[in-house]
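# Per-entry structural report
Residues per chain, in single letters:
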Amino acid sequence: MSYYFCIIGTKDNPLFEHEFGTSRSGGDGVSRFSQSDRSLNPFIIHSSLDIVEEVQWGPSSTSGSAPMYLKHIDKYAHNYISCWITGGNVKFLLLTRPSDAALPGAVGGGAGGVRGSLAGGRGGMLQGTYNPTSPATEEAVKNFFFDVYDAWVKTIMNPFYGLDDRVTSPVFRQRVATAAKKYL
Amino acid sequence: MTPLQDATTSKPPKYPDPEAPITLPKQRASLSDLPYRKSNPSLSTLFASTASLSGSRPGSGTATPTASAIPGSVFSPGSRQNGTQSPVGFVQGISDESRSLIQRAFVPHVAVLASESAEEILRAKGFEGGFLQLLRPFGEAVPGKVTIRDSVGVNRSWEDFGVRFVFPTDGLEVPSVTERNAEGSTGTANGQRDSGKPLSSTTRPSLRTGGDVQQIEEVVDRHLQYSEFQSPEMMDYLNHKNTNPQAENSSSPFYTLYLRRLLSGLPLSPHETFSHPTAYVVAISSRDKDAVDKLNQLYARTEIGDLRLPQWVGQQVMRYYVLIHEEEHADTARSHQLFETMKRFYGLNCHLLRLKSNRCIPSDDDSVPLPTCEWISAGEELAEIQKHETADDITDPTPYLFDSDVTAIRSFIRELVAQSLVPHMERMVHQWNEQVLARRRGLSGRFMSLSKRWTPFGGRNSSSPIPMSNSNYDSLQGFYGPDAPEATMRKLADYCFMLRDYKLAFSTYEILRTDFNNDKAWRHYAGASEMAAISTLMSTQPIYSKTQIENIDVWLEAASYSYTDRGRSATPFYALRTLALGVELLRLRGSSAADDAARWVSRILELNLVGPVGRALFTERAGACYAVRTGTGSMRLGSRRRKAALWSVMAAEQWVRLEKSLQAEKCLDNALQLYKITSETDDGESIKAPFEKMQSFIDELRQRILTSRLANRGFNEQEEQVEQQRLAVEEVSETLDKSPKAHRKSLLGAAAPPIDVGPLSPSLARTREREEEKKDDQFE
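Residues numbered from 1 in each chain as written. Chains lettered and ligands numbered in written order. Predicted model: local features only at pLDDT ≥ 70, side-chain atom pairs only at ≥ 80, totals over all residues. Heavy atoms only, no water.

### Re the interface of chain B and chain A
Note the threshold: We call two residues in contact when some of their heavy atoms are within 4.5 Å. Here's the idea: put two parts together, see how much 1.4 Å probe accessible area each one loses, and the total over both is what we call buried area. By convention in these notes, a salt bridge is any Lys or Arg side-chain nitrogen within 4 Å of a carboxyl oxygen on Asp or Glu. By the criterion applied in these results, polar contacts are pairs of N or O atoms within 3.5 Å in which, for protein atoms, one can donate a hydrogen and the other can accept it, and in which residues neighboring in sequence qualify only through two side-chain atoms. Helical segments are the DSSP runs of H or I of at least four residues, strand segments are the runs of E of at least two, and each set is numbered from the N terminus.
Contact residues are listed per partner, giving 35 residues for chain B and 37 residues for chain A. Both sides together, the interface formed by chain B and chain A hides about 3,400 Å², and carbon and sulfur atoms give 60% of it. The largest per-residue losses of area from chain B upon contact with chain A belong to Glu 606, Arg 642 and Phe 691 of chain B, which jointly make up 23% of the total buried on that side. Viewed at the interface, chain A and chain B are joined by eight salt bridges. Where Glu 54 of chain A meets Arg 640 of chain B, a salt bridge forms, and the shortest distance between an N and an O atom there is 3.1 Å. Between the two partners, chain B and chain A, sit nine residue pairs in polar contact (both at pLDDT 80 or more). If you list the elements that add at least two residues to the side of chain B that touches chain A, you get helix H22 (546-564), helix H24 (591-606), helix H25 (612-628), helix H26 (641-657) and helix H28 (692-712) of chain B.

### Details of the packing of aromatic side chains
Residue and element names in this part refer to chain B. Spelled out, the test is: Put simply, two rings from Phe, Tyr or Trp (the six-membered ring, in Trp's case) pair if the centres are within 6.5 Å, and we call them stacked under 30 degrees between planes, edge-to-face over 60, tilted for the rest. The rule is short: NZ of Lys or CZ of Arg within 6 Å of the ring centre and within 35 degrees of the ring normal puts a charge over the ring.
Evaluation of the coordinates by the stated rule reveals 37 aromatic pairs over all chains. Note that Arg 319 overlies the ring of Tyr 299, its terminal NZ or CZ placed 3.3 Å from the centroid. Sitting above the plane of the Trp 600 ring, Arg 599 keeps its charged end 5.4 Å from the centroid.

### A word on the confidence of the model for chain B
All names here are of chain B. Heads up, the condition is: One number per residue, pLDDT, summarises how confident the predictor is, and it ranges from 0 to 100.
When the pLDDT values of chain B are averaged, the result is 71; 65% of them are 70 or greater. Mean pLDDT values for the elements of chain B range from 29 in helix H4 (residues 79-84) up to 91 in helix H19 (residues 485-498). Scored below 50 in pLDDT, residues 1-21 makes 42 contacts in the model with residues more than four places away or belonging to other chains. A low-confidence stretch, residues 174-205 stays under pLDDT 50, and its non-local contacts, those more than four residues away or across chains, total 62 contacts.

### What about the sheet that holds strand S4 (residues 164-166) of chain B?
Residues and elements named next belong to chain B. Basically, it comes down to this: Pairing between strands requires that DSSP locate at least two bridges from one strand to the other. For helices, the fitted line uses only the C-alpha atoms of the stretch in contact; every axis is such a line through C-alpha atoms, and the angle between N-to-C directions lies from 0 to 180 degrees.
An order of S4-S1-S5-S6-S7 is seen for the five strands of this open sheet, with the pairing classed as parallel. Every interior strand has two partners, whereas the edge strands, S4 and strand S7 (350-355), have only one. Across the sheet, the mean angle from the axis of one strand to that of its neighbour is 30 degrees, orientation sign disregarded. Pairing of strand S1 (residues 109-114) with S4, which is carried by three bridges, proceeds in the parallel orientation. Counted as the bridge partner of Val 110 is Phe 165 from S4. Strands S1, S4, strand S5 (277-285), strand S6 (318-326) and S7 of the sheet are contacted by helix H17 (residues 403-441), whose axis makes an angle of about 165 degrees with S7.

### With respect to the pairing of S7 of chain B
All names here are of chain B. What counts is decided by this rule: Categorising residues by exposure relies on relative accessible area from a 1.4 Å probe, with only protein chains included: less than 20% of the type maximum marks a residue as buried, more than 50% marks it as exposed, and the intermediate range marks it as partly exposed. A right-handed crossover is one whose linking path, passing over the helix from the first strand to the second, runs clockwise when the strands point away from the viewer.
Most of S7 sits out of view: five of its six residues are buried. Judged from the six bridges that link them, S6 and S7 form a sheet pairing that is parallel. Looking across to S7, one finds that Tyr 321 is bridged to Cys 350. At this point the chain moves from S6, through helix H15 (residues 332-346), to the parallel S7, and the crossover so formed is right-handed.

### What about empty space enclosed by the protein?
All names here are of chain B. Our working definition: Grid points spaced at 1 Å over the protein atoms alone were grouped into cavities, where a 1.4 Å probe fits but cannot get out, and pockets, open sets with protein on both sides within 12 Å along at least five of seven lines, with lining residues defined by an atom within 4 Å of a point. Grid points are joined across faces, edges and corners, and a volume is the space filled by probe spheres set on the points. Each residue gets one of three labels, nonpolar for Ala, Val, Leu, Ile, Met, Phe, Trp, Tyr, Cys and Pro, charged for Asp, Glu, Lys and Arg, and polar for the others, Gly among them.
Evaluation of the coordinates by the stated rule reveals 12 cavities of 30 Å³ or more. Looking at the second largest cavity, its volume works out to about 210 Å³. Taken together, 21 residues form the lining of the second largest cavity, with His 109, Arg 164, Val 166, Arg 208 and Gly 265 sitting closest to its centre. Tallying contributions element by element places S4 first for the lining of the second largest cavity, with three residues. Broken down by class, the residue content of the lining of the second largest cavity amounts to nine nonpolar, six polar and six charged.

### Observations regarding the sheet that holds strand S1 (residues 2-8) of chain A
Strand pairing within a sheet occurs via backbone hydrogen bonds; the two strands may be parallel or antiparallel. All names here are of chain A. Taken together, the five strands give an open sheet; going across it, the order is S2-S1-S5-S4-S3, and neighbouring strands pair in antiparallel fashion. Each edge of the open sheet is held by one strand with a lone partner, namely strand S2 (14-21) and strand S3 (69-76). Geometrically, the sheet is characterised by an average inter-axis angle of 20 degrees between neighbouring strands, direction not taken into account. Pairing analysis gives seven bridges linking S1 to S2, with the strands arranged antiparallel. When the bridges of S2 are listed, Tyr 3 appears paired with Phe 20. Against the sheet, helix H1 (residues 35-57) engages S1, S2, S3, strand S4 (79-85) and strand S5 (91-97), with an angle of about 125 degrees to S5.

### Remarks on the packing of helix H6 (residues 97-105) of chain B against helix H23 (residues 572-588) of chain B
Residues and elements named next belong to chain B. Basically, it comes down to this: Roughly parallel means an angle under 35 degrees; roughly antiparallel means over 145; roughly perpendicular covers 65 to 115; every other angle is labelled oblique. Left-handed is the label given to a crossing in which the near helix is rotated counterclockwise from the far helix by less than a right angle, and right-handed is the label when the rotation is clockwise.
Running from amino to carboxyl end, H6 crosses H23 at an angle of 140 degrees, the nearest separation of the two axes being 9 Å. Relative to H23, the element H6 is oriented oblique. Judged by the twist between their axes, the crossing of H6 over H23 is left-handed. In this structure, H6 uses Ser 98, Arg 99 and Ile 102 to contact H23, whose residues at the interface are Leu 581, Glu 584, Leu 585 and Leu 588. Grouping the constituent residues of the contact of H6 with H23 by class yields four nonpolar, one polar and two charged.

### Section: the pattern of salt bridges
This model, assessed by the stated rule, comprises 41 salt bridges over all chains. Linking Arg 287 of chain B and Glu 326 of chain B is a salt bridge whose minimum nitrogen-to-oxygen distance equals 3.0 Å. With a gap of 39 residues between them, Arg 287 of chain B in the loop between S5 and helix H14 (291-303) and Glu 326 of chain B in strand S6 connect regions that are remote in the sequence. In the salt-bridge network here, residues are joined through shared partners; they are Asp 12, Asp 50 and Glu 53 of chain A together with Arg 642 of chain B.

Given below as C-alpha cells:
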C-alpha cells in the first residue's frame, strides 16, 4: 500500500506533502506510486476538497460536537481519501492506494479491457482486501492524524509562521514519517 | 520547406500561458484553401451529418438535412467558446437532448417486404437496397404530430415520433439466414457493400445488427479522426454563424454519436421486444399480375417460409399492404382496380404509393438527395464510410429522388403510422392490459404468483434446471413462449414504453421483475430492471421520495449485475446501455442526482464495458455530470467544481493518448476554466494551479497536445527532405503511402511532394497548387 499525505491550507494551497509506503506486514515504508500516479495524486486530493467542504459545512451527523476526524470521505478509482480537519480550517488529507496486486485491470483500456468485458469481467469488484471503513483501518488512520496534528500545532506555534505558508521544517517532516511508520 | 520551419522556430507557441489556445502558428489563410474544400464532398457530408446531429431534433417534415443545415459544433474547436463558459451555465441549460434521444431510440420496428418486381422498380431508380432503403430515412421522423392516447385515455401529441423500417431478419444473429436473404430478395446489404472493402473488424453476420461495442468505438473513432483533420479555420468560415454559445450546453457530439450508435440496430433478443417487428409492410408493384396472391405469398414467407422469426417472437403483428404504382409506365386504371381488390381483401390497411419510375439525377430540377439515416447500426455506418471513401468525387453514391416522390413517401408513412400503426398498438395495449395484466394484478393473480413461490418443490428452493410445471420459463433455451403471460406483459410494457406511456410501462416492468426473479430468468430480470429504472427516470415529474431514488439505484445495480455476471450469457452491451442511459437521465435530474450519475459513470469504467474511445468519452461525461451540480449560497457549498475539473483533466489525458488533440484541448480548456486559472491577475501574471505538480502536469499535457497536432498535420521534416530529393530527379509519381495513416492523408490531400521554386512549366503548375494546399493544411 502506498500513501500520499498532504496538508491543504485555507486557500486550497498545499502546505506540506509527504509520500510513503506501508510499514505493516513487512512493508519497507517506500511508496510504490508510478510516475503517472504521482502526477495525478495532487489532482485527486484537490478534487476531494469538494467532498471535504460538503462534510465540513453540511448538516452534522454527530449531534453537537464537530469532529476533527472525518474518516474516509472520498474515492477515485482505487484511491481512498481520509480527512482530518483542524480548527484553523487546515485539512490533512491522506490518499491510500492499495498495492497493485489487489488491483486487477488497473491498466484499463486497450484490447485487454475489451476482452475482459466480453468475458463478463468484473475487474472492479475484486478490490483486494482493503476496506477503508473497517474499524482497524479507521483507527490506524486516526492515530496517525492525531500524531501529525500534535506535531502540526507545535510547528505553527512558531512566531515566524504565517497563515498558509508552506511548512519546510525538517523536524516536522521527521515526525510525520515517524507517525506513518508507527501506525500505517 | 524553409518557410515552414522558420515559422515554427521563430514563433514558438507559449505553452505555459494558459490563455493561449493551442493552435499552430498561422501563416496565411488565402484562396489556396479553396481546393481543399472539395476533397471528397460526399464523404464530408457523411461525417458532418452524423457527427453534428447532437442537439438538433430532426425537423418534422419538409426539410431534408443537407450539409449546410448543420450546427457546426464538431468542427469549431471552440477554445473561445469554452473560454466564456462558466460552470454555472451548465445547470440552467441542461438540455433535454438525452431524453428525446432515448424517446427516438425506442420506437416501433416495422419490417418491410417487397416483391421482386417492386424491388426491380426501385433498383432501376438507383436504390440498390430496394424499397427498404427508400423508406428507412423517412421513417425516422414521421411528418407532423402523432397523437397517442395512453392507457388512462389522455391524448398527447408528439412531434418527434418515428418508426424504424427493417428487414424482417435484421437484428437476428444467425449469419447464414441473413446472408441468403440479403442476396436473394433485397439484394445488397451485405453482398455489395462488403465486396473489396474488408471490414477491419471481424465480418459481421448482418450489418444492420447493432450491439457491438467494438464497432461503435470504431465508428466514433473515424468521426474523431475526421474532425481532427479538418482545418478549424475552414469550418469556421463555412458555418461561422453556427458558432453561437447555444451549442455549449449540449454534450460533445461524439458522445451523442456514441449513444446513438449504442441504441441503433438493437439486436433481436427474447428478453426484450423493442426490436421485434410490430408490423409488416408488404409491398407489390403494379407489374405484378396477381396482386392478392403475391401478397399472401410474401406474407407466408414470414410465417412459414425463409423469413420466419424464432419462436419467441410473437406473431400478433399488424400487416400493411402497399401497391407501388409507376407513374410513367403503368396503367392508372389498372392500378386503381388492383388497389380496390386489395382493399376488398385486406380492409383499410392498404396504400397506393405513386412513384416516378425514372432514375433521378442530381441535375434534375426537383431532385432531392435521399436523406441519411440517423439510426443505422455501427457496422452499417462503417461500411457506408468505406463506400464513400473509395468512391471518387464525381460519382456520389447517394441516390436522388424526385420531389413528388418524397411527398408521396412522406404521406404514405404518415398514414401508416398515424392511422394504422399507432391505433394498432394502442388497441393491443388496451387488450393485453385487460386480459393479462389486470388478471395478474387482481387477487387471483397475486394468489397465483404466491402459490407458485411457495409450492414445496418449486420456485427458489429448487436447484434443478428442469422448469417447474407451473413456470412458463423455458430455462434450457432461455425464453418464455410467446403466449405466456410474462411474454405478453413484457410486450405490453415495451409497447407502452414506445408509445411513451411511462407510467403503465413502469408498473408492468415492476411486476415482471418479481416474476422473472422467481423464475430465475436472469436476463429477463435484468431487462425488466433496466426498463423499470429507465421508465421511472423518463417520466417528467420530479422524484422526491427517497425510496424511489434508492429503488433506481437498486434496479440499475441489478440490471448491470445480471447482464454482466449471471449465468453463461454475459452481455456487456446491454449492461453498457443500461448504465449509459441511467447516467444520462440521472444527469438531467440536476444537482441532487448528478453525484449518482457520476458514480454510475465510474462503474462503467470499472467494469471495463467500453474500449479506449468510450473510456475517454465517458470520463469526459463524468466531468459533465459533476459540473451539473452547483452549490448553494455564496460559498457554492456542495458544488463539485473540483471533481469536474479532475475528470476533465483525466479525459484530456486520455484523448492525448489517443492522439485526438482537438478533444484533448477542449477538455483541458474546460478543466482550466473550472480550476479558474485561465484569467490573469491585475499585474498581468497568469494564475497558476494550486499545486505546482498540477501546473506542471497541465503544461506537459499542452505540450503533448501540440506535438500530436503537429504530427497529425504531417509535419515531419525527414519525410519532406526525402520528397524533395525525389523531386530533384523529376520523378513526380504517386507515392503509395504504406503507413496506416494513408487514408488520413488522402483526406488532407497532402500526398504531393513539396517544391520551393515557382512553376517552371505548365505541367508543374498543378503540382505547385497542390503544394500550396499542403502548406496551408499544415499550418491550420
